[in-house]
Amino acid sequence: MSPRWKAECKVALMTIMTKFTTPTIDSSFYDPTVLAPNSAHTQDIVPVYQIKGISKLFKLCLPKVQCFCDSLTSPPSERQFNALLMSVVKPALPSSPENKTEKIPKIYTKTGDKGFSSTYTGERRPKDNLVFEALGTTDELTSALGLAKEFCLDANLQCIAELEKIQCMLQDIGSNIATPISSARESHKVHTAFNEEPIRELEQWIDKYTDQLPPLTSFILPSKASASLHVARAVCRRAERVTFKLLQTREADPNIGKYLNRLSDFLFTLARYAAKSEGRSETIYIRTYP
């Protein structure tokens, strides 16, 4: 027959586990500041296996409690009991929003320290590969559009929705560029496909803003919000040139090249619209020397 101290230790351990793993049970008799077995743990306690609503997780841990307690050869000290408690209870504790610490990924991965980066297909290529050159340039274009959008907001121009949608489309373009056709599976191609609908939408926007502008008869020099849009247009032209090299190798969707071509036209038109809306007359290029 097991000694009384072993039974008390077992009951105390299971009672504390009940407190932590079954929140629906009334455990007001348990003093959370005391972990060593004492009368508060064992006095008038209903056997733990008879308590209704006890969690399945707790039931799974009962054999481990039995094993630990049965292995004891003498009454445990407070330190031993605490260690025993944590070895059994801690693994059984359910994760909760209060206790769970969200792991924040580090911005640096060190995977590109040797001059190689990964495509969406998992292929490793040198950082100066056309894929990453095109990705970097479209990323630069997205940032340039973000800056232009702020100038347009300051000028209260009605083109913010279009600029934000374009920024989203550039993310889709980046996904397609990062998926070289030569190493892409069919699932990759389906996930990153780029169709012609965004191209047609850009053409509609170009027509809408062109109808609000006087005919263009000469080169113009940009300023303020208009200038920021022209900066984005210039970056867009560069993105188109880089992407064209990629398209020549058939590593990306041809619709990407078409979209970037229309986008530069749209940004040119929008820059003229911005100048007009701000009440600024377009500065005409004049040749300085004959």
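Throughout, a residue's number is its position along its own chain's written sequence, starting from 1. With the structure being a predicted model, the display of local features is reserved for residues of pLDDT at least 70 and the display and counting of side-chain atom pairs for 80 or more, all residues being used for whole-chain, interface and lining totals. Excluding hydrogens and water, the side-chain figures rest on all heavy atoms present in the structure.

Asker: Before we go on, may I ask you to explain the overall build of the chain in this structure?
Answerer: Helical segments are the DSSP runs of H or I of at least four residues, strand segments are the runs of E of at least two, and each set is numbered from the N terminus. Along the chain, the regular secondary structure elements total ten helices and four strands. Mapped in sequence order, the helices and strands of the chain form the string α-α-α-α-β-β-α-α-α-α-β-α-α-β. Accessibility here uses a 1.4 Å probe with only protein chains present; expressed as a share of the type maximum, an area under 20% marks a residue as buried, one over 50% as exposed, and anything in between as partly exposed. Within the chain, buried positions represent 40% of all 290 residues. Any two residues whose heavy atoms approach within 4.5 Å are treated as being in contact. In the chain, 77% of the contacts between residues at least 6 apart in sequence involve partners at least 24 apart. Here the Shrake-Rupley method, with its probe set to 1.4 Å, supplies the accessible areas, and only the displayed protein chains count as covering residues. Of the accessible surface of the chain, which amounts to about 17,900 Å², a share of 55% is contributed by carbon and sulfur atoms.

Asker: Any chance you could explain the nonpolar core here in plain terms?
Answerer: Across soluble globular proteins, nonpolar side chains have a tendency to be buried as a group. Residues grouped as a nonpolar core are buried Ala, Val, Leu, Ile, Met, Phe, Trp, Tyr and Cys residues, joined through side-chain atoms within 4.5 Å. Counting 44 residues, the largest nonpolar core has L141, I166, L229, Y259, L263, F266 and L267 as its most contacted members. Among the secondary structure elements, those contributing two or more residues to this core are α5 (130–154), α6 (160–177), α8 (197–210), α9 (224–248) and α10 (254–277). By residue number, the principal contributor to this core is α10, which donates ten residues. Contact partners of L267, with chain neighbours within four places excluded, come to L145, L163, L229, A232, R233 and C236.

Asker: Before we go on, may I ask you to explain the packing of α5 against α9 in this structure?
Answerer: Every axis corresponds to a line fitted to the C-alpha atoms, with the helix fit spanning only the stretch in contact, and the corresponding angles, defined between N-to-C directions, vary from 0 to 180 degrees. Where α5 contacts α9, the axes come no closer than 8 Å and their chain directions differ by 165°. Here α5 lies roughly antiparallel to α9, going by the angle between them. The way α5 lies across α9 gives a crossing that is left-handed. Think of it as three bins: nonpolar holds Ala, Val, Leu, Ile, Met, Phe, Trp, Tyr, Cys and Pro, charged holds Asp, Glu, Lys and Arg, and polar takes everything else, Gly as well. Of the residues belonging to the contact of α5 with α9, the class tally is 17 nonpolar, four polar and four charged. An angle counts as roughly parallel when it lies under 35 degrees, as roughly antiparallel when it exceeds 145, as roughly perpendicular when it falls between 65 and 115, and as oblique in every other case. Crossing chirality is assigned from the near helix's rotation relative to the far helix, an anticlockwise turn below a right angle marking it left-handed and a clockwise turn marking it right-handed.

Asker: Would you explain α10 in this entry?
Answerer: Every α-helical turn comprises 3.6 residues, leaving residues that sit three or four positions apart pointing alike. Given a helix with a known number of residues, its expected span is that number minus one, times 1.5 Å. Look at α10: 35 Å from first C-alpha to last across 24 residues, which is about the 34 Å you get at 1.5 Å a residue. The N-terminus of α10 is capped by D253, whose side-chain oxygen sits 2.9 Å from the backbone nitrogen of N255. In the stretch just after α10, G279 is the one whose phi turns positive, near 75°. Side-chain atoms alone can form a polar contact between residues adjacent in sequence; in general such a contact is a pair of N or O atoms within 3.5 Å, and within protein one must be able to donate a hydrogen while the other accepts it.

Asker: Before we go on, may I ask you to explain the packing of α5 against α6 in this structure?
Answerer: For any two helices packed against each other, one specifies the crossing angle of their axes together with the interaxial distance. Their axes nearest at 10 Å, the elements α5 and α6 cross at an angle of 170°. With respect to α6, the axis of α5 lies roughly antiparallel. Residues V131, A134, L135, T138, L141, T142, L145, G146, K149, C152 and L153 of α5 form the contact with α6, whose participating residues are I160, L163, E164, I166, Q167, L170, Q171, I173, G174 and I177. Each residue belonging to the contact of α5 with α6 can be placed in one class, and the counts come to 13 nonpolar, six polar and two charged.

Asker: Explain the confidence of the model for the chain to me, please; I cannot follow it from the model alone.
Answerer: Parts of the model with low pLDDT should not have their predicted coordinates read in detail. The score called pLDDT rates the predictor's confidence residue by residue, from a low of 0 to a high of 100. Taken over all residues, the pLDDT of the chain has a mean of 76, while the share at 70 or more is 59%. Of all the helices and strands in the chain, helix α2 (residues 39–42) carries the lowest mean pLDDT, 42, while α8 carries the highest, 95. The low-confidence segment residues 21–55, where pLDDT is below 50, has 48 contacts with residues more than four positions distant or belonging to other chains.

Asker: What am I meant to see in the pattern of salt bridges here?
Answerer: Pairs can form between side chains of opposite charge once their charged atoms are near each other. One side-chain nitrogen of Lys or Arg within 4 Å of one carboxyl oxygen of Asp or Glu is enough to make a salt bridge. Applying the stated criterion across every chain yields a total of twelve salt bridges. Among the salt bridges present, the one from E240 reaches R237, with a minimum N-O distance of 3.2 Å. Here E240 pairs with R237, and both are found in helix α9, just three residues apart, close to one helical turn. Judged by relative accessible area, which is 18%, E240 ranks as buried. Here R237 falls in the partly exposed class, since its relative accessible area comes to 29%. Sharing partners across several salt bridges, the network here consists of E196, E197, R200 and K258.

Asker: For this particular structure, what's the right way to read the packing of aromatic side chains?
Answerer: Any pair of aromatic rings gets described here by the distance separating the centres and the angle formed by the planes. Pairing of aromatic side chains requires ring centres within 6.5 Å, counting the rings of Phe and Tyr and the six-membered ring of Trp. Pairs whose planes differ by under 30 degrees are stacked, by over 60 edge-to-face, and all others tilted. Following the criterion strictly, the structure yields four aromatic pairs and no others. Between F194 and Y259 the ring centres are 5.6 Å apart and the planes differ by 80°, which places this aromatic pair in the edge-to-face class. A residue pair is termed long-range when its members are at least 10 positions apart, and F194 in the loop between α7 (186–191) and α8 and Y259 in helix α10 qualify at 65 residues. Each of the two residues, F194 as well as Y259, counts as buried. Through successive ring pairs, a cluster of aromatic residues spans W205, Y209, F266 and Y273.

Asker: So what exactly am I meant to see when it comes to the side chain of E240 here?
Answerer: Side-chain polar atoms of E240 contact the side chain of R237, separated by 3.2 Å. In contact with E240, not counting residues within four places along its chain, are G257, L260, N261 and S264.

Asker: In this structure, what is going on with α9? I would like to understand it.
Answerer: Over its 25 residues, α9 runs 37 Å from end to end, which matches the ideal 36 Å to within 8%, given 1.5 Å per residue. Of the residues one or two after α9, R250 is the one with positive phi, at around 60°.

Asker: In this structure, what is going on with unusual backbone geometry? I would like to understand it.
Answerer: Most peptide bonds take the trans configuration, and most residues that are not glycine carry a negative phi. The phi dihedral of N156 is positive, around 55°, even though this residue is not glycine. Looking at the element boundaries, N156 is found in the loop between α5 and α6. Residue classification places N156 among the exposed positions, given a relative accessible area of 59%.

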